[in-house]
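# Reading the structure
Spelled out from the first residue to the last, the chains are:
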2 protein chains.
Amino acid sequence: MKTLNVDLGARSYPITIGPGMLDDADMLREAIGGNSAVIVSNETVAPLYLKRVEAHLKGLRHEAVVLPDGEAYKTLTILDPIFNALLKGHYDRNTTLIALGGGVVGDITGFAAATYQRGVNFLQIPTTLLAQVDSSVGGKTGVNHPLGKNMIGAFHQPKAVIVDTETLNTLPDRELSAGLAEVIKYGLINDAPFFDWLEHHIDDLLARDPDAVTYAIERSCANKAQIVAADERETGTRALLNLGHTFGHAIETGMGYGQWLHGEAVGCGMHMAAAMSVAQGWLENGELTRIDRLLARAKLPVTPPLELDAPRFRELMSVDKKVLDGHLRLVLLHGIGRAVVTSEFDPAALDFVLTRPDAA
Amino acid sequence: MKTLNVDLGARSYPITIGPGMLDDADMLREAIGGNSAVIVSNETVAPLYLKRVEAHLKGLRHEAVVLPDGEAYKTLTILDPIFNALLKGHYDRNTTLIALGGGVVGDITGFAAATYQRGVNFLQIPTTLLAQVDSSVGGKTGVNHPLGKNMIGAFHQPKAVIVDTETLNTLPDRELSAGLAEVIKYGLINDAPFFDWLEHHIDDLLARDPDAVTYAIERSCANKAQIVAADERETGTRALLNLGHTFGHAIETGMGYGQWLHGEAVGCGMHMAAAMSVAQGWLENGELTRIDRLLARAKLPVTPPLELDAPRFRELMSVDKKVLDGHLRLVLLHGIGRAVVTSEFDPAALDFVLTRPDAA
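Residues numbered from 1 in each chain as written. Chains lettered and ligands numbered in written order. Predicted model: local features only at pLDDT ≥ 70, side-chain atom pairs only at ≥ 80, totals over all residues. Heavy atoms only, no water.

Contact with chain A, which involves 37 residues of that partner, is made by 37 residues of chain B. When chain A packs against chain B, close to 3600 Å² is buried across both sides, 55% of that on carbon and sulfur atoms. Counting every contact that joins chain A to chain B gives 2 salt bridges. In this structure, R93 of chain B engages E234 of chain A in a salt bridge whose closest nitrogen and oxygen atoms are separated by 3.6 Å. At the surface where chain A touches chain B, the tally comes to 10 residue pairs in polar contact (both at pLDDT 80 or more). Counting only elements with at least two residues in the side of chain A that touches chain B, the list comes to α3 (79-88), α4 (103-115), β7 (140-145) and β8 (148-155) of chain A. Here the side of chain A that touches chain B gets 6 residues from one element, more than from any other, and that element is β8 of chain A. (Contact = heavy atoms within 4.5 Å. Buried area = accessible area lost by both parts, 1.4 Å probe. Salt bridge = Lys/Arg side-chain N within 4 Å of Asp/Glu carboxyl O. Polar contact = N/O pair within 3.5 Å; in protein donor to acceptor, adjacent residues only side chain to side chain. Helix = DSSP H or I, 4+ residues; strand = E, 2+ residues; numbered from the N terminus.)

Here it is as structure tokens:
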């Protein structure tokens, strides 16, 4: 068992990572505090793990809200069943919302916790690799809008994050790969040694080797926690975490939420950012090859969907949250482990990756 | 012109009060900062004042969203036209939302600003007395749920509040009275000299005497700003501002949003809190008489609706945001200017005001 601390002053919280954490009642009870809790899960995860979590809530008033599964349901409307349960059950400001599931469940539950009675306690039990290394860390919560991903939301830090690495044993291969995209991202942003490690251990991760998985989660969370601690509200460097995301969000929104998994879109987006960095003269061709090779070994797509042409890509990218005063900002690479946020790029380099979807 | 500062560290902001403030372009432009703005108003206020505000936005990209008028529309759904306009117009994180209208417009616009791209700049131009003395100060934003008032929301401080006292000249009498309920509230909570002043000047206020109105707004905002500065997130004393609101919210929710104006319900709620305080032995009968007399002179109702019997009142009050771990907390009076938040009251005293709606 490993515990990391996300250092945010009064809003600091621990991330505990290890096998069998779901059976640790003390950890859960300590993070709850009040005398009631509502678990939010989905129809895929609830049959697998809900009872084990509920078993720790004896003596507390509690209930569960089970949502349909999928990014397509991450809309403002999905909040209705959660708010209805909270109000019908007379859950007060001291209640705790527990997110049990992947990134979608975490984002929705976190936003409900941020806005119910203007903010209640919130606890994350992420059950997908993507949620464990990304969406459970950093306090970003929210839902999608038909015109843009994650456009409606709030910053709301959890009280604790509990990662049971054994939950990955029930994760479909496709979702494991999607999670690996975010893991690879941390290597690319500012941890070249971790990227090297991943090149040597990607097959162990695909085989769900417990030690390799625990190490990858811990190192990813540590990377993210450090960046978030330096810039909680994303006024600066935190935007680095969006490597691959401007392209990726465009793919997700353009193809219809849920068609591409978030991690798949980010994987492809990282390839596009890397290819653009090469066109820009900032990244070596050999580095792009290493990146593409690792993405391919992680079974991630590196070719953007043919359905999206350059004008559509541009349109979708123009609503990105990093756009400021009309200027598109992108996360690009000056090398593996050297990402930068910049609006100063050659438009031709962007054209290059948008108009030749099979580029590089 | 008077300027008050709400002291909240990095989130501090000025409230500027005076006649003709709507024509002060500099004040508005300074609070905007970025190069775009979206004004949110309603179909009653927009024909009166929208063009005057828009005239100051030359050179900025801007548009207006005009909502239907009334508390009945303050739901999650009302956010759709705002988010649609923001996303279709490609308004980015540097944009400013401007609330031009009463408390409902302010609450909705503030919540949209709190959640669009996880938070954008926000500016209030309140045009009703109630919004000028209450909802524009303190950063509470949100919408109603069919099961409870203001149950979904966020704390989000404005960048500035601009109060043009001349907007009160177009305010219907009924809404002026509703605003006076919140003004009287500040006297009751902890400003007995202001309560005395109100007893002497209530007729001037009803006549919209400019000096009296300006003074009442300024003193109300100063009272509220002081309480909010001491407890921004309502972990303690800020709950005092809810004097009359637990009863009032029950009336609003129980009668259907928009039937009673918020201020009317609060006025009646303050009578109920005062009557309960007398039953409790905390307030003198003579003080209750003074309170009821001032409410009546302000043309506010002091009799709860006969449609709501005691069991229904209790049910509605049980979802109040001040309920903690099952205990109802109320704001009661130990005297005029001496309000307390307490769960330690005699249930018989509560029975007394709920079962005898014509009490006192």
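Take the sheet that holds strand β2 (residues 13-18) of chain A next. Residues and elements named next belong to chain A. Here 7 strands make up an open sheet; going across it, the order is β1-β2-β9-β6-β5-β3-β4 and the pairing mixed. Each having just a single partner strand, β1 (2-6) and β4 (61-67) make up the two edges of the open sheet. Neighbouring strand axes in the sheet, compared pairwise and without regard to direction, differ in orientation by 15° on average. By the bridge criterion, 7 bridges tie strand β3 (residues 36-42) to β4 in an arrangement that is parallel. Paired with V38 across the strands is E63, a residue of β4. Running over the sheet, α4 touches β3, β4, β5 (96-101) and β6 (121-126) and is turned about 170° from β5. Helix-sheet contacts for helix α8 (residues 210-230) involve β1, β2 and β9 (160-164), and the interaxial angle to β1 is about 15°. (Pairing = 2+ DSSP bridges. Axes fitted to C-alpha atoms, helices over the stretch in contact; angles between N-to-C directions.)

So, about the sheet that holds strand β2 (residues 13-18) of chain B. Residues and elements named next belong to chain B. Spatial ordering of the open sheet is given by β1-β2-β9-β6-β5-β3-β4, a layout of 7 strands whose pairing is mixed. Here the strands that pair on one side only, and so sit at the sheet edges, are β1 (2-6) and β4 (61-67). Across the sheet, the mean angle from the axis of one strand to that of its neighbour is 15°, orientation sign disregarded. Two strands pair when backbone bridges link them, and strand β5 (residues 96-101) and strand β6 (residues 121-126) are joined in this way by 6 bridges, in the parallel orientation. Within β6, the residue paired with T96 across the bridge is N121. Relative to the sheet, helix α1 (residues 25-32) contacts β2, β3 (36-42), β5, β6 and β9 (160-164), its axis offset from that of β6 by approximately 155°. Contacts from helix α3 (residues 79-88) reach β3, β4 and β5 within the one sheet, and its direction differs from that of β4 by about 165°.

For the rest of this paragraph, the subject is the domain arrangement of chain A. Residues and elements named next belong to chain A. The domain boundaries assigned to chain A delineate domain 1 (2-170) and domain 2 (187-355). Distance from the C-alpha centre of domain 1 to the C-alpha centre of domain 2: 26 Å. Counting residues at the interface gives 32 residues for domain 1 and 27 residues for domain 2. The contact between domain 1 and domain 2 buries some 2700 Å² in all, and 64% of this surface belongs to carbon and sulfur atoms. The tally of links between domain 1 and domain 2 comes to 4 salt bridges. As a salt-bridge pair, E234 and K140 come within 2.5 Å of each other at their nearest N and O atoms. Counting across the domain 1 and domain 2 interface gives 11 residue pairs in polar contact (both at pLDDT 80 or more). Elements with a contribution of two residues or more to the side of domain 1 that touches domain 2: β1, β2, α5 (129-135), β7 and β8. Partitioning the side of domain 1 that touches domain 2 into residue classes produces 16 nonpolar, 9 polar and 7 charged. (Domains from an automatic or database assignment. Nonpolar A, V, L, I, M, F, W, Y, C, P; charged D, E, K, R; others polar.)

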